[in-house]
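A structural walkthrough
In case you want the letters, here they are:
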Amino acid sequence: MTLNTDTSSTMRVLVPLGVGTALSLLGDATLYTVLPNPEIAAQAGVTLTLVGLLLGINRIVRLIFNPIAGVLYDRLPRRGLLIGSLCFGAISTAMYAAGTGFVPLLIGRILWGAAWSGIWIGGNTVVLDISDEHNRGFLSGQYQTWFFLGVGICAFLGGIFTDALGFQGGLWLSAILSALAALMWFIFLPETRPASQPASHPPHHPEDKSFPWQIVLSTSVPVIAVRFIHAGVMASTTILWLGGFIGGQLTLGTFLVPIATLTGLFVVLRTTSSVVGGPLVGITSDKLGNRWVVIAVIMALGAGGMWLMSGPQFSLAILGTFIASISGGGVQSLVPAIVGDRVKPAQHGRVLSSIYSFGDIGSALGPPLALWLIGKISITLLYRFCAGLFLIVLLFSLWRSSTSGSSRG
């Protein structure tokens, strides 16, 4: 049997799991927030072209690490794997701080890729352990809330740490906080892996033992799109997009807010849409019963938001950012829920790892492609291309909803 799914039991797992996941992002979020700035890149000893490669390489290596993590989580207890993964994450951040130049940063990014495979696949597998078909969307949304809180708060802290302590000093502080998060998991995170697999299949689960590639491929489509746009294009160009409106700093009375701190603060504000939207989208899909229709709606919001972001009016562009951000939290809440609806528990780790591998392709291509295109086309045109990509996935989601074998997946 899985862990009792009453509220107290689920929160006893979800709160430490979410806090640790959020804090693990400190080093990664710092790099995305400040490293595209040419002055900070120079402090790190890399060119802007190499920044694009560094921001994407950890996603490429996860194509190797994700399947390994999926197999391990299907066969071994979750707790030890999660704690070990978070320790590797802290070590990777320390490597960013200790080294200067491309090679030390590259090694750290590869190590972070392995760490995040373990953290993200393990975290989502734990959520499926403690949920059922009636609350799966909601609990998945709750976990995504912690993730997006981590993205926003860590980006903000990363900007502040960099402005206050310098690039390397800020990363040393981030590494210490990540290590403390691993200690917190060691003390508070319980084991959730079922003692044995259920004898019977839950509703809608395939009765054979073949790998559910149809589910993997269909759910990977929206994941690729949101990861390419949010974790790739937007994450790597926010400091440049924002700088196009306000320049190198913002003047508030007698205060000057540097662009790195301002970008981090903006990412925090932007993620509020994902923080609020993820659970709401999950609850809606639990009640509606058709998760693909909900995905289509949030794809429409993503397209509209990106189009507003590409415009010249700052107020509308800011509004568009909040609208577009709903799509990231929504998709990442619903895809694990679809997996829980349609896939046998014994395959959860491998199916999630396959889906996230496709997503990692999208997010790996995003930073280098976006930073390469910035030299050739405007950010306006780049963001409008992203709006068109959202519309394509909207049409796919409507088609998938009409052909799905069940109301939920």
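Anything mentioned here points back to the structure above.
These figures come from a predicted structure and were not determined experimentally. (Residues numbered from 1 in each chain as written. Predicted model: local features only at pLDDT ≥ 70, side-chain atom pairs only at ≥ 80, totals over all residues. Heavy atoms only, no water.)

Some points on a nonpolar patch on the surface
On the surface, a cluster of nonpolar side chains totalling about 650 Å² of accessible area is made up of Ile176, Leu180, Leu183, Phe186, Ile187 and Phe188. Here Phe186 is to be found in helix H7 (residues 136-188). (Patch = residues over 30% accessible without salt bridge, like charges linked within 9 Å, V, L, I, M, F, W, Y side chains within 5 Å. Areas by Shrake-Rupley, 256 points an atom, 1.4 Å probe, with all protein chains shown as cover. Salt bridge = Lys/Arg side-chain N within 4 Å of Asp/Glu carboxyl O. Helix = DSSP H or I, 4+ residues; strand = E, 2+ residues; numbered from the N terminus.)

Quick notes on empty space enclosed by the protein
Using the criterion set out here, one finds two cavities of 30 Å³ or more in the structure. For the largest cavity, the calculated volume is near 560 Å³. Lining the largest cavity are 32 residues, and of these Phe147, Val151, His230, Ala231 and Ala235 sit closest to its centre. Taken together, the elements giving at least two residues each to the lining of the largest cavity come down to helix H2 (26-34), helix H4 (48-75), helix H6 (102-129), H7, helix H8 (213-246), helix H9 (259-288) and helix H11 (314-342). With eight residues, the top contributor of residues to the lining of the largest cavity is H8. Counted by class, the lining of the largest cavity contains 16 nonpolar, 11 polar and five charged residues. Of the voids in this model, the second largest cavity is the one considered here, and its volume is about 30 Å³. Arg62, Asn66, Trp116, Ser117, Trp120, Ile121, Arg227, Tyr356 and Asp360 together form the lining of the second largest cavity. Breaking the lining of the second largest cavity down by element, the ones donating at least two residues are H4, H6 and helix H12 (348-374). For the lining of the second largest cavity, the leading source of residues is H6, giving four residues. Taken together, the residues that form the lining of the second largest cavity break down as four nonpolar, two polar and three charged. (1 Å grid on protein atoms, 1.4 Å probe; cavity = no way out; pocket = protein on both sides within 12 Å on 5 of 7 lines; lining within 4 Å. Points joined across faces, edges and corners; volume = space filled by probe spheres on them. Nonpolar A, V, L, I, M, F, W, Y, C, P; charged D, E, K, R; others polar.)

Section: the side chain of Thr125
Relative to the elements of secondary structure, Thr125 occurs in helix H6. Judged by relative accessible area, which is 0%, Thr125 ranks as buried. Among all residues touching Thr125, those that are not within four sequence positions of it are Arg78, Gly349 and Leu352. (Buried < 20%, exposed > 50% of the residue type's maximum accessible area, 1.4 Å probe, protein only. Contact = heavy atoms within 4.5 Å.)

Focus: the environment of Met299
Checked against the element boundaries, Met299 lands in helix H10 (residues 291-309). Put simply, Met299 and Ala324 are 25 residues apart on the chain and 8.6 Å apart in space, counted from C-alpha to C-alpha. Here Met299 is in contact with Val226, Ser327, Val331, Phe390, Val393, Leu394 and Ser397, once residues within four sequence places are set aside.

Brief notes about the nonpolar core
In terms of nonpolar packing, the biggest core is built from 98 residues, with Leu17, Phe167, Trp185, Trp241, Met299, Met306 and Tyr383 touching the most fellow members. Here the element with the most residues in this core is H7; it accounts for 13 residues. In contact with Trp185, other than residues within four places in its own chain, are Pro16, Leu17, Gly20, Thr21, Arg79, Leu82, Ile83, Leu86 and Ile119. (Core = buried A, V, L, I, M, F, W, Y, C linked by side-chain atoms within 4.5 Å.)

With respect to the environment of Ser357
Secondary-structure assignment places Ser357 in helix H12. Take Ser357: its relative accessible area is 10%, and that puts it in the buried class. Along the chain, Ser357 and Arg59 lie 298 residues apart, while their C-alpha atoms are 8.2 Å from each other. Setting aside its immediate chain neighbours within four residues, Ser357 contacts Arg62, Leu63, Asn66 and Pro67.

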